[in-house]
Amino acid sequence: MNANVYTPALRPEDDVAVWLKTLSKYRQPRVRRSAFELIVTIIPFALCWAVASFSLAYGFWYGLAAVFPAAAFLLRLFMIQHDCGHGSFFARRRIDDWTGRVIGVLTLTPYDYWRRAHAAHHASAGNLDERGVGDITTLTVAEYRALSPMRRLGYRLYRHPLVMFGIGPAWLFLFKQRLPIGMMNSGALPWVSTMGTNLAVVTLAGLMMWIVGIWPFLLIHLPIVLMSGAAGIWLFYVQHQFEDTHWSTGNEWQFPQAALHGASHYDLPLVLRWMTGNIGIHHIHHLSSRIPYYRLPEVLRDHPQLAGIGRITLWQSLQCVGLVLWDDRRQKLVSFRDAATAAA
């Protein structure tokens, strides 16, 4: 990883204002481009859903293969919802909010509730003293060793790929996000967001079940939601759970360092980069979250020295699954085996 290559204009020790000033020219969205991005995502999603429904109705089971691209476009819709949450998609708060709320009905993600949790994640990413909100639960080696055997087993199960990327998406999108978990006492907005989204989801699902039938709807839409959810959790995982990620305690935590080195540059093939809304350029996104996702490649084009920071390839990302504990001594994520070997 070429983490030590910088130009004088962009250094990790610079003040936050220097970074934001450098990247500020990329923060302005292009409204026509934003509208185009929305259209070329939601129309193909609807078409793929319709193809799957038509095929199922006429016994063409192979047509159910359309659920795979539908899941990919639903994931891309979530990336648009994500940008709306940062106020970066249209840069008009009311339009961004209502775009995000409507998409949230499709992604089963209450927009205002999620936006508040995600803002907390951005404000504390990489801070060991501020873990727990909008993050993948990560223990230090010392914290894990201090657990009882049963709680160690629970953490191991939680971090198992089958749970993290299989059971996890079903639990999160079908159940957990139906209530404002973690914000029960945070005022009316989380409740209004979740209950309003639930009502809209039930209404839309009921309408679709009336049109295509209950079982066809479930056979089509549940796999779409679960596959897109699993892909979304995977992306969020590898964007922060990679070997050379950066964590520090509250006294040492600095925003530019945490943004650039606590988030990865997930360098995906071009098609996957487009389908995931460039979310793999995550270190730049954390550094300046108001940059629309379609302008993130411009930052790397104009500042190529940033491309090597935290860079992981698709193949390398598969090796991140085993990294489950933060080693304070070595300042890196390690596996259970590495932690046990170090202890021995």
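Calculation notes
What you see as residue numbers is a count from 1 along each chain, following the sequence as written. Local features in this predicted model are restricted to residues whose pLDDT is 70 or higher, and side-chain atom pairs enter the listing and the counts only when it is 80 or higher, whereas totals over whole chains, interfaces and linings include all residues. Each side-chain value is derived from all of the structure's non-hydrogen atoms; neither hydrogens nor water enter the calculation. Every residue is assigned a pLDDT by the predictor, reflecting its confidence on a scale from 0 to 100. In this analysis, two residues are considered to be in contact whenever any of their non-hydrogen atoms come within 4.5 Å of each other. In DSSP terms, a helix is any run of H or I states spanning at least four residues, a strand is any run of E spanning at least two, and both are numbered starting from the N terminus. Note on exposure labels: buried denotes an accessible area under 20% of the residue type's maximum, exposed denotes more than 50%, and partly exposed covers the range between, all computed with a 1.4 Å probe on protein chains only. Positive charge is attributed to Lys and Arg, negative charge to Asp and Glu, and no charge count is given to His or to the chain ends. A pairing counts as a salt bridge when a side-chain nitrogen of Lys or Arg comes within 4 Å of a carboxyl oxygen of Asp or Glu. Definition of a polar contact: a pair of N or O atoms within 3.5 Å, with one able to donate and the other able to accept a hydrogen when the atoms are protein atoms, and with sequence-neighbouring residues admitted only if both atoms are side-chain atoms. Residues grouped as a nonpolar core are buried Ala, Val, Leu, Ile, Met, Phe, Trp, Tyr and Cys residues, joined through side-chain atoms within 4.5 Å. UniProt positions are given in the numbering used here, feature names are shortened, and annotations may be inferred rather than shown by experiment. Lines fitted to C-alpha atoms define the axes, with helix axes restricted to the stretch in contact, and inter-axis angles between N-to-C directions lie between 0 and 180 degrees. Angles are sorted into four bins: roughly parallel if under 35 degrees, roughly antiparallel if over 145, roughly perpendicular if 65 to 115, and oblique for all others. Polar here means any residue other than Ala, Val, Leu, Ile, Met, Phe, Trp, Tyr, Cys and Pro, which are nonpolar, and Asp, Glu, Lys and Arg, which are charged; Gly is therefore polar.

## Concerning the confidence of the model for the protein
For the protein, the average pLDDT comes to 90, and 94% of its residues sit at 70 or higher. Note on residues 1-10: pLDDT is under 50 here. Beyond four places in sequence and across chains, it has 24 contacts.

## Comments concerning the side chain of Asp83
For Asp83, the location among the structural elements is in helix 3 (residues 67-85). For Asp83, which is buried and forms no salt bridge, the nearest opposite charge comes from Arg290, at a distance of 9.3 Å. Among the polar contacts made by the side chain of Asp83, one reaches the main-chain amide nitrogen of Tyr293 at a distance of 2.7 Å. Once residues lying within four places of it in the same chain are set aside, the contact partners of Asp83 are Ser88, Phe89, Ile291, Pro292 and Tyr293.

## Examining the nonpolar core
The biggest cluster of nonpolar side chains holds 50 residues, and the ones touching the most others in it are Phe45, Phe89, Ile220 and Ile224. Those elements giving two or more residues to this core turn out to be helix 2 (31-57), helix 3, helix 4 (93-107), helix 8 (161-175), helix 9 (188-212) and helix 10 (214-238). Looking at which element gives the most residues to this core, the answer is helix 3, with ten residues. Setting aside residues no more than four positions away along its own chain, Ile220 makes contact with Trp49, Ala52, Ser53, Leu56, Leu64 and Val67. Listed in part, the 13 residues of the second largest apolar core include Leu260, Ile284, Leu287 and Leu300.

## Concerning the UniProt feature "transmembrane region" (unreviewed entry) in the protein
As annotated by UniProt and renumbered to match this structure, "transmembrane region" (unreviewed entry) occupies residues 35-54, 60-78, 157-175, 187-212 and 218-238. Split by type, residues 218-238 is 100% helix and 0% strand. Its first and last C-alpha atoms lie 30 Å apart.

## A word on the packing of helix 4 against helix 5 (residues 111-124)
With their axes 9 Å apart at the nearest point, helix 4 and helix 5 run at an angle of 110 degrees to one another. As judged from the angle between their axes, helix 4 and helix 5 are roughly perpendicular. Counting all contacts with helix 4, which are made through Arg93, Asp96, Asp97, Gly100 and Arg101, the residues of helix 5 involved are Tyr111, Asp112 and Arg115. Here the contact of helix 4 with helix 5 is built from residues that sort into one nonpolar, one polar and six charged.

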